[in-house]
Structures are given as C-alpha cells and as structure tokens.
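Residues per chain, in single letters:
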Amino acid sequence: MAAPRRTPARIARWSIQLGMVALVAYLGIRHQLVGPAAGAAPLDSFCPFGALETLPSLLAGSGFIGKIGSSNLVLIGSVILVTIGLGAGFCGWLCPFGAVQDALSAVRRRLFGRALLVPDGLHRVLRYGRWLVLGVVVWMSWQALGLWFADYDPFRALFHFKFESWVAVALVAGTVVGGLLVERFWCLYLCPLGAVVGGLGTLGVTKVRRDAGSCTDCGLCTNACPSRIDVQRQESVRDQLCTMCTECVESCPVPGALSVSTGRDGESLRPVAVGVATALLFFALLGTGYAMGWWQTGSGCAGCSAEQPQAEQLGYNSVIPVDSRP
C-alpha cells in the first residue's frame with residue numbers, strides 16, 4: 001500500500017503530532033533527570049486520563065490521588081470542550097500515543113504493506129474493549145485510591161523512559177507489535193481515554209458529512225479510514241471510532257462529496273483548518289486554566305505503590321488534611 005500523498009492537512013497533522021510527542025517526551029525525560037524536588041512534575045500530571053482515575057477519590061472526599069493534580073482536570077476539561085465543538089480531533093491530531101500508532105503504521109506500510117485485518121464480526125466486538133478497560137481502570141482506581149493503571153499503561157511506560165520492570169518492557173513491546181500488525185490497534189480496541197473522547201465525539205457539532213448526490217461510491221474514503229469506518233455508507237459520520245483525522249476527506253476525488261462542517265447546511269471547513277483549530281483551541285483552554293490559577297500539578301509519591309501507606313498516598317495535593325481523615 002502506497003504512503004498517503006502529502007497535503008496541507010496531512011503535513012499539518014504530522015507536524016502537530018510530532019510536536020506533541022516531543023513535548024511529552026521532554027516532560028518525561030525532565031522528570032527523570034531533574035526530579036520533583038526541582039519542580040519537574042510527574043508525567044501523570046500531564047495526562048487527561050488522570051482526571052478520570054482520580055475521580056472516585058474526589059467523589060469520596062479524599063482529594064487527588066498521588067501524582068495527580070488540578071492540571072489533569074484542566075486537561076480533561078479542555079479535551080471535552082474541544083470534542084464537543086470540533087469532534088474527536090484530540091485523538092487524531094493531538095494525542096502523542098496516537099501519533100506513535102500512526103508512525104508504526106507508516107513503518108508497516110514501508111516494510112510489510114497492508115495491515116492485518118481483524119474480521120468484521122470480531123472487530124465489532126473488540127471495539128467495545130475500550131469501554132471495558134475504562135470501567136476496570138475507574139473501578140480499580142476507586143478500590144486502590146491510587147494510580148492502579150500506572151503499572152499497565154503503555155503510554156506511561158513509553159514516555160516515562162524508565163523501564164525498570166518487565167511489565168513496562170512487555171507493554172511497550174506489545175504496543176509496537178500490535179501497532180505494526182493492526183492499524184491503530186491500541187486506539188481502536190484498548191484505549192480508555194479514546195472511549196470517552198470517541199463517545200463525546202458522536203455528540204460533537206462538527207462532523208464529516210457525505211453528499212450522496214455527488215458521491216460516486218468509489219470507496220476510497222472507507223479504504224483510507226484508519227478506524228475502519230464505512231464512510232461511503234454514511235450521511236454523517238457518527239461513529240465512536242472517528243478521530244477527525246480527515247483522511248477520508250483528503251482521499252475523496254470528488255470535490256464536495258465529503259466535507260467537514262457543523263451542520264448539513266453549514267459551511268464546509270478545510271481539513272487543515274479543523275486540525276489547526278483543534279490544536280489552537282486546546283492550548284488556548286489550557287492557557288486560560290493556567291492564567292486563572294487552576295493549573296496545579298501533582299507531587300511525586302515514590303510510585304504510589306501498594307507498600308506505601310494509604311494515608312501517604314492520599315496526602316498529595318489533597319483537599320483534606322491527612323491527619324483529619326478517620
């Protein structure tokens with residue numbers, strides 16, 4: 001399979017993805033080299049999913065779990081607002097782990113050609129695996145009142161740059177193998193944050209829409225979709241796996257047959273404009289949160305491991321003093 005041709009939207013998306021990977025890698029390396037004592041917050045403080053992991057603890061009145069702070073709430077809030085307005089573009093344009101999955105796909109195209117295709121029936125079942133992982137992680141985080149998922153999170157294992165256990169090595173190796181064999185394997189079937197963003201994306205205002213009168217049913221849009229969405233059969237793409245990557249629009253040979261718009265009669269948006277707007281809005285919201293004083297990263301807690309006293313784990317960035325808890 002030939003590599004996608006270079007277009008302004010694709011060049012913009014690859015550039016933004018590369019920038020996000022570099023940013024997160026810098027945060028992970030800085031934490032390892034400098035440490036929290038010098039103000040280098042743990043990588044967990046910069047992940048939107050951390051807000052969902054600490055949610056049970058917040059609802060229980062125990063404050064933030066270790067390594068998680070209000071920065072995670074600002075991040076997830078920004079992701080939600082961007083998704084409602086512009087679709088699930090965080091996954092397609094801004095997620096550094098999604099960028100790694102796309103890079104693995106590019107390597108596979110050069111080395112092996114086509115990806116391994118999961119049978120349709122199995123694919124329809126596996127696509128709900130993200131929701132299963134989400135439920136398990138939130139439940140176990142509630143039971144442990146800590147970062148239970150930290151030891152099993154391939155994003156953290158990869159960008160933490162500290163492969164101190166065989167679990168971390170196995171996670172990274174498994175992610176690489178899975179991404180080489182199956183297009184966006186982690187994103188499609190296992191990512192818990194992707195489940196949330198994808199679900200909200202179906203409710204978003206901005207969507208990919210198809211003009212049946214102009215469409216020639218060539219199938220190029222469906223073949224180009226990395227999320228296996230049958231775009232050519234839909235009037236409006238409302239699939240939870242859509243990441244607003246706009247590959248379908250970029251692959252369409254008929255002008256106007258596929259477009260990105262905020263409504264059936266709304267003005268079409270150029271794919272590159274959608275992606276750039278997603279990035280600008282996301283960072284504008286983060287900047288607003290920081291300017292308002294809402295951004296506070298979590299503190300390191302020696303891994304928040306099981307042998308650490310629970311009171312110590314709960315003490316970091318908590319809204320309730322440790323000594324006041326029963």
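A. A look at the packing of aromatic side chains. Across all of its chains, the model carries 10 aromatic pairs by this definition. Plain terms: the ring middles of Trp148 and Tyr152 are 5.1 Å apart, the flat faces sit at 40 degrees to each other, and that makes the pair tilted. Judged by its relative accessible area of 40%, Tyr152 is partly exposed. When the ring of Phe185 is compared with that of Tyr189, the centres are 5.8 Å apart and the planes differ by 70 degrees; the resulting orientation is edge-to-face. In this pair, Phe185 and Tyr189 both sit in helix 10 (residues 185-189), four residues apart, roughly one turn of the helix. Of the aromatic side chains, those joined through ring pairs into one cluster are Phe97, Phe155, Phe159 and Trp186.

B. A look at a nonpolar patch on the surface. There is a patch of nonpolar side chains on the surface, built from Ile29, Leu33, Val34 and Phe161 and spanning about 370 Å² of accessible area. The class for Val34 is partly exposed, based on a relative accessible area of 41%.

C. Main features of the packing of helix 2 (residues 49-59) against helix 3 (residues 70-86). At a minimum axis separation of 9 Å, helix 2 and helix 3 run at an interaxial angle of 120 degrees. With respect to each other, helix 2 and helix 3 are oriented oblique. Between helix 2 and helix 3 lies a crossing whose hand is left-handed. Here helix 2 contributes Gly50, Ala51 and Leu58 to the contact with helix 3, which in turn contributes Asn72, Leu73 and Ile76.

D. Summary view of helix 14 (residues 271-291). Between its first and last C-alpha atoms helix 14 spans 30 Å; for 21 residues at 1.5 Å apiece the expected length is 30 Å, and the two agree. Turning to helix 14, its buried residues are Pro271, Val272, Val274, Gly275, Thr278, Ala279, Phe282, Leu286 and Gly289. Those residues of helix 14 that are buried lie in contact with helix 1 (8-33), helix 3, helix 4 (89-94), helix 13 (247-251) and strand 2 (258-261).

E. Inspection of the pattern of salt bridges at higher detail. Following the criterion strictly, the structure yields nine salt bridges and no others. With a closest N to O distance of 3.1 Å, Asp102 and Arg13 form a salt bridge. Of this pair, Asp102 sits in helix 5 (residues 96-111) while Arg13 is found in helix 1, placing the two residues 89 residues apart along the sequence. Given the relative accessible area of 6%, Arg13 is considered buried.

F. Summary view of the nonpolar core. Core analysis: the biggest nonpolar cluster contains 41 residues, and Phe49, Phe90, Leu94, Phe155, Phe159, Leu193 and Phe282 have the highest contact counts within it. In terms of residues, this core owes the most to one element, helix 1, which gives seven residues. Ignoring anything within four residues of it in the chain, the contact list for Leu193 reads Pro48, Phe49, Ile76 and Phe90.

G. The arrangement of the pairing of strand 2 in detail. Side chains of strand 2 alternate between two faces, with Leu258 and Val260 and Ser259 and Ser261 buried alike. As defined by bridge partners, strand 1 (residues 207-210) adjoins strand 2 across four bridges and the pair is classed as antiparallel. Bridge pairing in strand 2 places Arg209 opposite Ser259.

H. View of the environment of Ser71. Along the chain, the position of Ser71 falls in helix 3. A residue is classified by how much of its surface remains accessible, and Ser71, at 0% relative accessible area, is buried. Sequence separation of Ser71 and Tyr290 is 219 residues, and the distance between their C-alpha atoms is 8.5 Å. Among all residues touching Ser71, those that are not within four sequence positions of it are Ser45, Trp294, Trp295, Gln296 and Thr297.

I. Broad picture of helix 7 (residues 129-144). Compared with the 22 Å implied by 1.5 Å per residue over 16 residues, the 22 Å span of helix 7 between its first and last C-alpha is a close match. Listed as buried for helix 7 are Gly129, Arg130, Val133, Leu134, Val137 and Ser141. Down the axis, helix 7 shows its buried residues gathered within 140 degrees of arc, on one side only. Where helix 7 is buried, its residues contact helix 2, helix 6 (120-126), helix 10 and helix 11 (192-201). Leu145 sits one or two residues past helix 7 and shows a positive phi near 50 degrees.

J. Representation of the packing of helix 1 against helix 5 within the structure. It is the contact of helix 1 with helix 5, at a shortest axis distance of 8 Å, that shows an interaxial angle of 120 degrees. Between helix 1 and helix 5, the angle falls in the class oblique. By crossing handedness, the relation of helix 1 to helix 5 is classed as left-handed. Between helix 1 and helix 5, the contacting residues are Arg13, Gln17, Met20, Val21 and Val24 on the first element and Pro96, Gly98, Ala99 and Asp102 on the second. Residues that form the contact of helix 1 with helix 5 fall into these classes: five nonpolar, two polar and two charged.

Rules and cut-offs
Residues numbered from 1 in each chain as written. Predicted model: local features only at pLDDT ≥ 70, side-chain atom pairs only at ≥ 80, totals over all residues. Heavy atoms only, no water. Phe/Tyr/Trp six-rings, centres within 6.5 Å; stacked < 30°, edge-to-face > 60°. Buried < 20%, exposed > 50% of the residue type's maximum accessible area, 1.4 Å probe, protein only. Helix = DSSP H or I, 4+ residues; strand = E, 2+ residues; numbered from the N terminus. Patch = residues over 30% accessible without salt bridge, like charges linked within 9 Å, V, L, I, M, F, W, Y side chains within 5 Å. Areas by Shrake-Rupley, 256 points an atom, 1.4 Å probe, with all protein chains shown as cover. Salt bridge = Lys/Arg side-chain N within 4 Å of Asp/Glu carboxyl O. Axes fitted to C-alpha atoms, helices over the stretch in contact; angles between N-to-C directions. Parallel < 35°, antiparallel > 145°, perpendicular 65-115°, else oblique. Left-handed = near helix turned anticlockwise from the far one by under 90°. Contact = heavy atoms within 4.5 Å. Expected span 1.5 Å × (residues − 1). Core = buried A, V, L, I, M, F, W, Y, C linked by side-chain atoms within 4.5 Å. Pairing = 2+ DSSP bridges. Arc of directions from axis to C-beta. Nonpolar A, V, L, I, M, F, W, Y, C, P; charged D, E, K, R; others polar.

Purely geometric stuff here, so don't read any function into it on its own.
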